[in-house]
Each structure stands twice: as C-alpha cells, then as structure tokens.
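# Observations on the three-dimensional arrangement
Listed below, chain by chain, are the residues.
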Amino acid sequence: MPLVTTKEMFKKAYEGGYAIGAFNVNNMEIIQGITEAAKEVNAPLILQVSAGARKYANHTYLMKLIEAATIETDLPIAVHLDHGDSFELCKSCIDGGFTSVMIDASHLPFEENIKLTKQVVDYAHPRGVVVEAELGRLAGVEDDINVSAEDAVYTDPKEVEEFVERTGVDSLAIAIGTSHGAYKFKGEAKLRFDILEEIQRRLPGFPIVLHGASSVIPEYVDTINKYGGQMPGAKGVPEDMLRKAASMAVCKINIDSDLRLAMTATIRKVFAENPAEFDPRKYLGPAREEIKKLVKHKLINVLGCAGKA
Ligand code: G3H
Ligand code: 13P
Ligand code: ZN
C-alpha cells in the first residue's frame, strides 16, 4: 500500500474513540520493530521524523526504509515531520515525499504562529499533504531546546477556534501537562482533562494531538540503572490517562522516549551479560525485538488501534 495521509486515520480514530500511535524513527531497527508490531496486530501507523533524525539518518535513507516497511506490511502508514521549526524545513519534507508535517511555531506570539502555520498549510494542501500545528507550550527537551516547567504554557481553549479557522490546519497539538523526554512528573502525574474537554467542545470532530506521551516505563529505567546507567527516577504519563485521552478528541499520541528506553535497556543488558560481544546484530537484534514488544503493547492496550488498519 502507498503512503497515506492522516486524514482518514484521524476520522476513524475520532469516531472510534481510539488514537493512532506516532512513533519517532531514527534507524532501520526502530522502523522494523515498530512496523512489525503494527503488522502483527493490524494497526495503522504514523512514523515521525524529527529534524535531528533527518540529520542523523539522512532523508533519503529514512524514506526508503519507510517505503520498504509499506511493502513488507501493506499497512496504511503516514510519514510525518515532527516539530518542523521553519517553512523551509516543512517545504523540504513535503517536496521529499512526507505525507504530513508539523509546523511548531508554538513559541511565537499568536499572530506569528498563525502566519507561519498558514504559510505551511498553503504550500502543503495543494500538494496533498496535511499539517499539524501547536498552541500552548510543552515543558521538556526537544532537538536540544530545553523548555523549563515554568516556561511551559497550557493551551488556552479560547484561542483554538480562531487558530484553526484562520490557518486551515488539519490537526492541533495541545499542552495539557505532558512534557518531552524521560523526566516528566516529579510527583503525581496530572493532566488537564478539563482543558481537553473544553477544546473538544469548541472544535467538535477536530483531531487533537498529544506530544510528550511516553510513560517512561519503570522496568526499562531500572534495567538501565542496574547495568551501569545513572538515570534519575521520574514518572511519565500513566497509561490509563493516555487511554482516556484516546477515547476523547486525541487522535495522535506521540511516543519517542519509551522507544529509546527499550532500546538502551536491552543493549545495556546484552553487554552486561556478554562483555565480549562485538557483533552489532547481537545487540541491535534484541533491541529491535524489545521495541516490537513495546509497540504491540501500546497499540493494543494503550492506543486501542489494533485491528483498525
Ligand atoms: O519531541 C521530540 C522527539 O522526541 C524527537 O527528539 O529531536 O532528539 O529527535 P529529537
Ligand atoms: P516523549 O518524549 O514523551 O516520547 O514525546 C515524544 C514527542 O512528543 C515527539 O514529538
Ligand atoms: Zn513532541
């Protein structure tokens, strides 16, 4: 099946009360682990590429690997630019075959966010590409930019209708308390479902996106620390909260950190148990298997999108 946009996926997800998993990809093993999991449970997928991933792995390599995954799985897969920070980057991904881009101008004043988002929409739509934008600001680390908890801003529901109407954007990422990276909540996890509800009320049927949605699975952090790592303990987004968001207007849930933890924990364990190992297949292979196991769990138990391809 050729690459698809997220339009149809989001419509079905909204109506069906589930969410599509948007997983960050950086190399072949990550792409294979995610797509093999989705194939086994027949789930639609969004594979997302950050500017950093594109710099690391090269646009063409990633596109060809994803193309290979569409052939191997025959699943509906969308390729999405994660956190595009300029018109030029979005244009380059649109011209290079992505089916969806995010323009993240959430750090700019409202009018400037609208202007830049609309510029990307005006370029993307005639070329059959959909656009995600962001209102509000998440805490955490993305592409080496660190937003402190004090600088994070919840999305203001009063702004969403005007933003969507004036930009023509296809989906909207909102800030309700999640954050990027492996250190999200020091104490109890708290998400502002009241804000999500109000946004849903103001934009009926419109797909909402949740970034920073890794659960920071404690078993992986424990394994990393058991085998020489030094990750401070921190809490991610509890899975029951993600399930609740998925049953509401949230149609896309972004997960990257959990994949990184799965991969790192597995590789550390292999080296701890076999210090003489030097065949990359012997540590990247098990890491790929662990990603597959993790993604299957997310698709079935957290996102609710298994069987929906
Ligand atoms: O939100 C950011 C994603 O986790 C991507 O991270 O920019 O380091 O590739 P990255
Ligand atoms: P996590 O760091 O919680 O995995 O969030 C990823 C993300 O939002 C990518 O855009
Ligand atoms: Zn994000």
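Our structure is the block above this text.
A brief look at the structure comes next.

### Points about the pairing of strand β10 (residues 250-255)
Most of β10 sits inside the fold, with six of its six residues counted as buried. Here four bridges tie strand β1 (residues 20-24) to β10, and the two strands are oriented parallel to one another. Paired with alanine 22 across the bridge in β10 is asparagine 254.

### Looking at the site of ligand 2
Residues in close proximity to ligand 2 total 16 residues, the closest being Asp82, Lys184, Ser214, Asp256 and Ser257. In this structure, an oxygen atom belonging to ligand 2 sits 3.2 Å away from a side-chain N or O atom of histidine 83. One nitrogen or oxygen atom from the side chain of histidine 180 is found 3.1 Å from an oxygen atom belonging to ligand 2. Relative to its free-state accessible area of 310 Å², ligand 2 is covered by the protein chains to the extent of 96%. Of all the elements in the fold, those that place two or more residues in the shell around ligand 2 are β3 (77-84) and β10. For the shell around ligand 2, a count of residues per class yields two nonpolar, eleven polar and three charged.

### Some remarks on the side chain of aspartate 258
Along the chain, aspartate 258 turns up in helix α11 (residues 257-273). For aspartate 258, the residues in contact, after removing those within four places along its chain, are Ser214, Ser215, Val216, Ile217, Tyr220, Leu294 and Lys298.

### Considerations on the coordination of the zinc ion (ligand 3)
Protein ligation of the zinc ion (ligand 3) involves His83 (NE2), His180 (NE2) and His211 (ND1), the donor distances falling in the range 2.1 Å. One chain supplies every donor for the zinc ion (ligand 3), spaced along it as H-x96-H-x30-H. A residue pair is termed long-range when its members are at least 10 positions apart, and histidine 83 in strand β3 and histidine 180 in the loop between β8 (171-174) and α8 (193-202) qualify at 97 residues.

### Here we look at the sheet that holds strand β4 (residues 100-103)
Read once around its circumference, the closed barrel built from eight strands follows the order β1-β2-β3-β4-β5-β8-β9-β10, with strand pairing classed as parallel. Strand-to-strand twist of the sheet, defined as the mean angle between neighbouring strand axes without regard to direction, takes the value 25°. Here β3 runs beside β4; their pairing, made up of three bridges, is parallel. Across the sheet, histidine 80 pairs through a bridge with serine 100, a residue of β4. In the packing of helix α4 (residues 59-73) onto the sheet, the strands contacted are β2 (45-50) and β3, and the crossing angle to β3 comes to about 150°.

### Looking at α4
Under the 1.5 Å per step criterion, the end-to-end length of α4 is 21 Å for 15 residues, consistent within 8% with the ideal 21 Å. Considered for burial, the residues of α4 that qualify are His59, Leu62, Met63, Ile66, Ala69, Thr70 and Thr73. The buried residues of α4 all sit within an arc of 115° when viewed along its axis, so they share a single face. Opposite the buried face of α4, at more than 90 degrees from it, the exposed residues are Tyr61, Lys64, Ile71 and Glu72. Residues of α4 that are buried make contact with α2 (28-41), β2, α3 (51-57), β3 and α5 (87-95). The distance from a side-chain oxygen at the start of α4 to the backbone nitrogen of threonine 60 is 2.7 Å, and the residue carrying that oxygen is asparagine 58. Looking one or two places after α4, you find aspartate 74, whose phi comes out positive at around 55°.

Basis of the calculations
- Residues numbered from 1 in each chain as written.
- Chains lettered and ligands numbered in written order.
- Predicted model: local features only at pLDDT ≥ 70, side-chain atom pairs only at ≥ 80, totals over all residues.
- Heavy atoms only, no water.
- Buried < 20%, exposed > 50% of the residue type's maximum accessible area, 1.4 Å probe, protein only.
- Helix = DSSP H or I, 4+ residues; strand = E, 2+ residues; numbered from the N terminus.
- Pairing = 2+ DSSP bridges.
- Near = heavy atom within 4 Å.
- Polar contact = N/O pair within 3.5 Å; in protein donor to acceptor, adjacent residues only side chain to side chain.
- Areas by Shrake-Rupley, 256 points an atom, 1.4 Å probe, with all protein chains shown as cover.
- Nonpolar A, V, L, I, M, F, W, Y, C, P; charged D, E, K, R; others polar.
- Contact = heavy atoms within 4.5 Å.
- Donors = N, O, S within 2.8 Å, 3.2 Å for Na, K, Ca; no water.
- Axes fitted to C-alpha atoms, helices over the stretch in contact; angles between N-to-C directions.
- Expected span 1.5 Å × (residues − 1).
- Arc of directions from axis to C-beta.

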